[in-house]
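# Observations on chain architecture
Residue strings, one per chain:
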Amino acid sequence: MSSPLTPSRTGSAAPLVPPPTEPPVPVGRFGALAGWAQRHRWAALLLWVAVLAAVTLGSTTAGSAYRNDFTLPGTDSQTATDLFKEHGSDQAGDSIEIVFRDSAGIRSAEADIEPMLAEVKGMAGIADVRSPFADASAISEDGTIAYASVTLSGKTEEVPKEDVAKVIDVAQGIATGHLQVEVGGEAAKNAEDQSAPTAELAGIVAALVILVLLFGSLLAASLPLLTALFAVGCAVGLIALASHVFTVADFTPPILMLVGLGVGVDYALLIFHRYRHELLAGVQPPEAGRRALDSAGRTVFFAGCTVIVALLGLVALGLGSLQGIALAVAVTVLVTMAASLVLLPALLALFGERIRRRVLAQRAEAAAKGRTEGNRWRAMARAVQRRPLPTLLVGVLALLALSAPALGMRLGFADSGNDPGNTTSRHAYDLLAEGFGPGFNGPLVVLVKGDRAAGETVRAELATTAGVAEASPALPSADGALSTVFVYPTTSPQAEGTVELVHHLRDDVVPPLEHATGARVLVGGATAASQDVSETLADRLPLFVAVVVGVSSLLLLLVFRSIWIPVKAAVLNLLSISAALGAVTLVFQHGWFGAQPGPVEAFIPALVFAIVFGLSMDYEVFLVSRIHEEWTRTGDPSQSVREGLASTGKVITAAAAIMMFVFGAFVLSSDRMLQQFGLGLAVAVLLDAVVIRCLIVPAVMQMLGKWAWWLPAPLARRLPRVSIERPGQS
C-alpha cells in the first residue's frame, strides 16, 4: 500500500487521513503498554513525578555512601595488605606526603613545620606522622626539599575525603613567601575540590540543539530530552541509595549521568522518530503511538536488555568498584528504558495533536519544494550497492588502521603526575621527583614475614638489585612478626621499567631470599597493587568479551533467524570498539593533541566494551529490523537495504551525534579516567554510526543478498520464534 501522503501523478497530494475501511493493525504487548499510557496519561506522568520526587527526597535525606574498592584477593599486594592489618602494622594504611621547599634551607623552617605536624598527628583519620627532621633520608641532598610521611588510619578509600582536606588546609596554613607547602598522594588527589558539572550541562545543550535541528520544533525536541532527564534523575537517586548496600565507586555519578542522558535521549529518539514516521503516513496520533511502541519500542527493549547483559558481565571480572559501576549503569539503562516505554507514550498522548499538525505542515512544505524524505540516504545506499566490495574494503581497512595502536596499549592507573598543573598533589609530585628521583612517587612496599634478621637480609639484597634507587631500613611491626622495606625504583610509577622491576623482584629476587631466610616475602604497595589490578583485568577480559559476544549473537540469531546477521554484527562491533581503543591509546598513551602521556586506565577497555557493544547492537537492531521489514514485504534484498537505510539513516546519525557530544563532554572533565572514557565512547559511536551503519553494513548486506537471511532448516525448526517487529509484519 502506498503512503497516503505520496504525491499523485498530477502533482497533488493524496488524502492526509487513511481511509476508514483500512483494516486495523494487530496490537502487540508493547502497543498495549502504549495504549495504557495513553489512556492514563496523567496517571502515568504523575507516577513518574512521584517516583522522581520520592527517590530524590530519600537520597537527599539518607545521603550517599560511595566508596572505592580495589581489593583483589589472591594477589601479592592484597595478601600483603591483609597481613599488615592482621599484625597491627601502621603500614596497613595508605599514606600521604607533606612536601616542603625552602630556598634558604629546609631546617630554617623547622620551628614552623614541627608544630604543624604535631597538630596533624592528632587529627581524625591519621595513624602516624614521621617528621623529615627525624630521618635524614627525608631531606634532599641540597637541603631545600623535604617531606613528612603521614600514615592514614586505613586505605585511601576508607578515609573520608573531608579528613584529608582538613590536613591539606592545616599543612598549607604555614606556607609563606619563601616556604612552599604541598600535599601529595592518592588521598590528597581525591580530596581536592571537584570541577563543576560542565560536562553534564554541555551534553544537555548539545542534545537539545541537535534535536531541534532534526525535528524543526522545540516541542518535538524537548520530549526525548525530558524523558531522558526524568530517567537520569530517578537513576541518580536510586544509585545513591544503593551505595549504602553495595560498593559503588565515588566516580560513578558522572558516568551514570552522562551515559543515562545519552542512552535515554537515544531510546526516546528512536521511538519518537517511528511515531513521526507513522504520522507522516497519515495515522492518527493514538494509533501512531501504539505502532511506534510495537516496532521501535521492541527495538529499544531488546537493545536495552543487551546493554544490561553486557554490563552485568563486568561482575564476572571480580573487582569491587567495577562491579558497582556495572550495577549503577545497568540500573540507569533499565530506568531509561522504562521511561521510554511508559513516560514517552504518555507525553505523546498529551501533545500528539500539536506534534501531528507540525509534522504535516513540515511535510507539506517539503512537498512544495519537491523534497522527499530519505532520498539522500537512498542515493547513498545506491552508491554503496554499485561498488559494495571497494566500500567494504575501504571501511574495514580504515577501522583496522585505527585499531592497530590498541595492540600496544599499556594498562595502568593515573597518578599525581597526570593531575592538572594547578593542584597541590601535582606540585608535591614534581617536588618529590626533583628532590629524590622519579621513583620516589611510587615506592614498592616489600613485606617480610619473619624475624628482624630476615628483614635486614632482604633489605640488603634489594638495595643492590638493578632498577632500585634505594631501599629503606627494615621497619618492624608492633608485634615484631613483620618487617617492611620501602623500595624506591629508578623509574616513575607509570614507567615500563617499574612494571619490569615488580616482575623481576617477584620472579627472580624473592624466591631465593625466601629459601635463604625461611621468611615469606611479598611485594606490595599502591604501585604494585595497580599493576596487579591491571594485569588481572587484562587476563580476564577475553573471557568476558567472549561471553558477551556469544549471548548477544544468540539473541540476534533468535530475533532475525539468520546465521550471518549475528556474525556480521559481532565482527563489526568488535572492530568499532578496537578502533575506539586505538584512538584512546594514541591520545593518552602516546600524548597526541597535548595530552599527558601515560598508561590507559585499567578499567577503560572493559567499560567501553560493555557500553559500546550494547549501544552498537541498538543501531544494528534498529537498522536491520527495518531492512527485514522491507525484505518480508518485498522479497527484494537490494530494495530492502535502500529503504531500510532511507528510513533509519537520519535518525541513527542524529542519535549518534547526540551521544557523541554527550560522551565527548567527558573530555571536559579534570579526571583522566573520565576523559579516556568519554573519548572512547564518542569515537566508537561516531565510527559505528557513520562508517559501519552507513557504509559497511549496506555493502555487506548487498553482497550477501538473500543469503543474509539464511538459516539451516534443522536449526530453524528448533529455534523459538522471537520478533521485534510489529505484529503482522513478520
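Notes on the structure follow.

Rules of the game
- Residues numbered from 1 in each chain as written.
- Predicted model: local features only at pLDDT ≥ 70, side-chain atom pairs only at ≥ 80, totals over all residues.
- Heavy atoms only, no water.
- Helix = DSSP H or I, 4+ residues; strand = E, 2+ residues; numbered from the N terminus.
- Expected span 1.5 Å × (residues − 1).
- Bend = angle between axes of the 7 residues up to and from the residue.
- Buried < 20%, exposed > 50% of the residue type's maximum accessible area, 1.4 Å probe, protein only.
- Axes fitted to C-alpha atoms, helices over the stretch in contact; angles between N-to-C directions.
- Parallel < 35°, antiparallel > 145°, perpendicular 65-115°, else oblique.
- Left-handed = near helix turned anticlockwise from the far one by under 90°.
- Contact = heavy atoms within 4.5 Å.
- Nonpolar A, V, L, I, M, F, W, Y, C, P; charged D, E, K, R; others polar.
- Salt bridge = Lys/Arg side-chain N within 4 Å of Asp/Glu carboxyl O.
- Core = buried A, V, L, I, M, F, W, Y, C linked by side-chain atoms within 4.5 Å.
- Pairing = 2+ DSSP bridges.
- Phe/Tyr/Trp six-rings, centres within 6.5 Å; stacked < 30°, edge-to-face > 60°.

### Side note on helix α16 (residues 496-517)
Compared with an ideal rise of 1.5 Å per residue, which puts 22 residues at 32 Å, α16 spans 30 Å between its outermost C-alpha atoms and is within 8% of the ideal. Helix geometry: α16 is bent most strongly at V510, by close to 45°, with proline P511 lying one to four residues after it. Taken together, the buried positions of α16 are T498, L501, V502, L505, R506, V509, V510 and L513. A positive backbone phi angle near 75° is found at G518, which sits one or two residues after α16.

### Quick word on the environment of A368
Its location among the elements puts A368 in helix α11 (residues 320-368). Along the backbone, A368 and L46 are 322 residues apart, and their C-alpha atoms lie at a distance of 42 Å.

### A few points about the packing of helix α4 (residues 110-121) against helix α5 (residues 161-172)
Where α4 meets α5, the closest approach of the two axes is 10 Å, and the angle between their N-to-C directions is 165°. The pairing of α4 with α5 is recorded here as roughly antiparallel in orientation. Where α4 crosses over α5, the two elements pack in a sense that is right-handed. In contact with M116, E119 and V120 of α4, α5 contributes V167, V170 and A171. Grouping the amino acids of the contact of α4 with α5 by side-chain chemistry returns 5 nonpolar, no polar and 1 charged.

### A word on the pattern of salt bridges
All told, the structure shown has 18 salt bridges when counted by the stated rule. Note that R291 and E278 form a salt bridge whose closest N and O atoms lie 3.5 Å from each other. Taken as a pair, R291 in helix α10 (residues 285-312) and E278 in helix α9 (residues 252-280) lie far apart in primary sequence, 13 residues in all. Of the two residues examined, R291 and E278, each falls in the buried class. The residue R693 makes a salt bridge to E620 at a minimum N-O spacing of 2.3 Å. Taken as a pair, R693 in helix α21 (residues 672-704) and E620 in helix α19 (residues 604-634) lie far apart in primary sequence, 73 residues in all. The class of R693 is buried, set by a relative accessible area of 1%. Judged by relative accessible area, which is 1%, E620 ranks as buried. Look at the salt bridges and you will find they share partners, linking R274, E278, E287, R290, R291, R626 and E629 into a network.

### Observations regarding the nonpolar core
L314, F663 and F677 are the most contacted members of the largest nonpolar core, which totals 153 residues. Here this core gets 19 residues from one element, more than from any other, and that element is α21. Grouped together as the second largest cluster of nonpolar side chains are 30 residues, L117, I126, V159 and A188 included.

### A few points about the pairing of strand β3 (residues 145-152)
Counting buried residues along β3, 7 of its 8 residues qualify, which places the element largely inside the surrounding structure. Direction of pairing for strand β1 (residues 95-102) relative to β3: antiparallel, over a ladder of 7 bridges. For R101, the partnering residue across the bridge sits in β3 and is I145. In the sheet, strand β2 (residues 126-130) pairs with β3 via 4 bridges, with the strands oriented antiparallel. Bridge pairing links V129 to V150 in β3.

### Focus on the packing of aromatic side chains
Overall, the coordinates contain 14 aromatic pairs when judged by the stated rule. On the basis of an interplanar angle of 65° and a centroid distance of 4.8 Å, the ring pair of Y147 and F440 is categorised as edge-to-face. You can see Y147 sitting in strand β3 and its partner F440 sitting in the loop between α14 (424-436) and β6 (444-449), a full 293 residues away along the chain. Residue classification places Y147 among the buried residues on the basis of a relative accessible area of 6%. Geometrically, the ring pair formed by F413 and F603 is edge-to-face, given 5.6 Å between the ring centres and 85° between the ring planes. Of the two residues, F413 sits in the loop between β5 (411-412) and α14 while F603 sits in the loop between β11 (600-601) and α19, which places them 190 residues apart along the sequence. Summarising the burial analysis for this pair, F413 and F603 share the class buried.

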